[in-house]
Amino acid sequence: MIEVGTVIPERIFKVDRAALKRYADASGDQNPIHQDEDFAKSVGLPDVIAHGMFTMALAGKFATDWAGGSATMKEYSTRFTKPVVVPAGKSVDLIISGVVGEVLPDGLVRVDITATSDGQKVLGMARAIVDVNGKSK
Amino acid sequence: MINPDSIGRSFAASEAVTISQSEIDAFAAAIGESDTSIAPPTFAIRISLEQSQSFLTSPEVGVNWDRIVHGDQKFEIKQPLKAGDQVMCTSVIENYKQMAGNEFITARSDLSVNGEVAVSAWSTLVVRA
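Residues numbered from 1 in each chain as written. Chains lettered and ligands numbered in written order. Predicted model: local features only at pLDDT ≥ 70, side-chain atom pairs only at ≥ 80, totals over all residues.

## Considerations on the confidence of the model for chain B
All names here are of chain B.
Alright, step 1. With 100% of its residues at a pLDDT of 70 or more, chain B has an overall mean of 94.
Alright, step 2. Taken element by element, chain B is modelled with least confidence in strand S1 (residues 10-12), mean pLDDT 88, and with most confidence in helix H1 (residues 21-31), mean pLDDT 98.
Alright, step 3. Overall fold confidence (pTM) sits at 0.96, and the ipTM for the predicted complex is 0.96. (pLDDT = per-residue confidence, 0-100. Helix = DSSP H or I, 4+ residues; strand = E, 2+ residues; numbered from the N terminus.)

## Quick notes on helix H2 (residues 45-56) of chain B
For an α-helix, 3.6 residues make a turn, and residues three or four places apart therefore share a direction.
Residue and element names in this part refer to chain B.
Alright, step 1. With 12 residues, H2 should cover 16 Å at 1.5 Å per step; its first-to-last C-alpha distance of 15 Å lies within 8% of that length.
Alright, step 2. Among the 12 residues in H2, 9 count as buried, and that is most of the element.
Alright, step 3. Of the positions making up H2, those classed as buried are Ile 45, Arg 46, Ile 47, Ser 48, Leu 49, Gln 51, Ser 52, Phe 55 and Leu 56. (Expected span 1.5 Å × (residues − 1). Buried ≥ 20, exposed ≤ 12 C-beta atoms within 10 Å, placed from the backbone.)

## Some details on the nonpolar core
Alright, step 1. Leu 58, Ala 59, Ala 63, Ile 113 and Val 130 of chain A together with Ala 44 and Leu 81 of chain B are the most contacted members of the largest nonpolar core, which has 61 residues in total.
Alright, step 2. Ranked by the residues each element gives to this core, the list is headed by helix H3 (residues 52-67) of chain A, at 10 residues.
Alright, step 3. Non-local contacts of Ile 113 of chain A, meaning those with residues more than four positions away in its chain, are made with Ala 59, Phe 62, Ala 63, Ile 96, Gly 98, Leu 123, Ala 126, Arg 127 and Ala 128 of chain A.
Alright, step 4. Formed by 10 residues, the second largest nonpolar core is a distinct cluster that contains Phe 55, Val 63, Ile 93 and Val 127 of chain B. (Core = buried A, V, L, I, M, F, W, Y, C linked by C-beta atoms within 7 Å. Contact = placed C-beta atoms within 7 Å.)

## Remarks on the environment of Trp 65 of chain B
Residue and element names in this part refer to chain B.
Alright, step 1. Looking at the element boundaries, Trp 65 is found in the loop between H2 and strand S3 (68-77).
Alright, step 2. Note on Trp 65: 13 C-beta atoms within 10 Å, which makes it partly exposed.
Alright, step 3. If sequence neighbours within four positions are ignored, Trp 65 has contacts with Gln 53 and Thr 57.

## Some points on the interface of chain B and chain A
Alright, step 1. In this assembly, 24 residues from chain B lie in contact with 25 residues from chain A.
Alright, step 2. At the level of elements, H1, H2 and S3 of chain B are the ones that each hand at least two residues to the side of chain B that touches chain A.
Alright, step 3. The biggest single contributor to the side of chain B that touches chain A is S3 of chain B, with 8 residues.
Alright, step 4. Partitioning the side of chain B that touches chain A into residue classes produces 12 nonpolar, 5 polar and 7 charged.
Alright, step 5. As paired strands, strand S2 (residues 73-80) of chain A and S3 of chain B are joined by 5 bridges and run antiparallel to one another. By the bridge assignment for S3 of chain B, Glu 75 of chain A is matched with Glu 76 of chain B. (Nonpolar A, V, L, I, M, F, W, Y, C, P; charged D, E, K, R; others polar. Pairing = 2+ DSSP bridges.)

Take a look at the structure:
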């Protein structure tokens with residue numbers, strides 16, 4: 001039974017520099033702040049940071065894996081509040097959890113997603129509207 | 001600041017972009033998605049952000065892309081994108097405001113396939129003072 005308050009179990013996604021390079025190549029976003037430590041520091045960042053859209057994509061996968069696949073996503077929005085800092089040679093934990101915030105007509109539900117890294121919330125108001133008609137109950 | 005006349009004006013891409021299976025495969029692999037029969041939900045950013053960059057940095061709008069920070073993002077997906085889709089992209093500056101010297105530009109891009117909007121994407125881009 002899916003209702004307001006239904007919790008989606010937390011998952012941890014590992015993010016390292018190699019993952020950022022793969023995302024840069026796949027998305028076309030080659031901004032050096034996501035790959036080049038010296039450049040990132042030169043513009044006032046603590047280190048290389050993950051693409052906000054990469055974090056959004058992983059949090060989206062969290063929601064669609066629960067709902068039953070990519071095709072279930074109808075609407076998805078977030079603010080980018082804090083960067084995910086990715087030091088060289090490290091694998092950073094991106095901790096994602098979710099809760100059903102609203103049950104909508106036609107088998108749709110709104111999932112409210114929380115994503116944290118290094119104790120900081122990195123996404124704000126992350127909300128996915130997914131179709132749970134095909135989800136095994 | 002941007003040219004105020006550009007707010008609310010529509011910018012259409014000059015030609016359609018055809019989505020390839022290899023692009024979907026690479027994007028899916030990068031985010032750990034095993035289903036490559038359709039594009040993952042945020043794949044549309046590949047097309048929408050490039051289009052936004054292209055028109056926002058044009059002389060008639062005048063944004064300096066080096067000063068841009070991605071503030072927020074929204075997608076509405078009516079029909080998932082898939083390999084072979086020929087996507088026409090139309091963008092418009094839907095909202096614009098200035099706060100504390102920073103400019104907040106919300107660009108909406110409609111990605112159409114066969115004349116129907118498949119995905120709409122809104123990107124709020126902050127031009128830092």
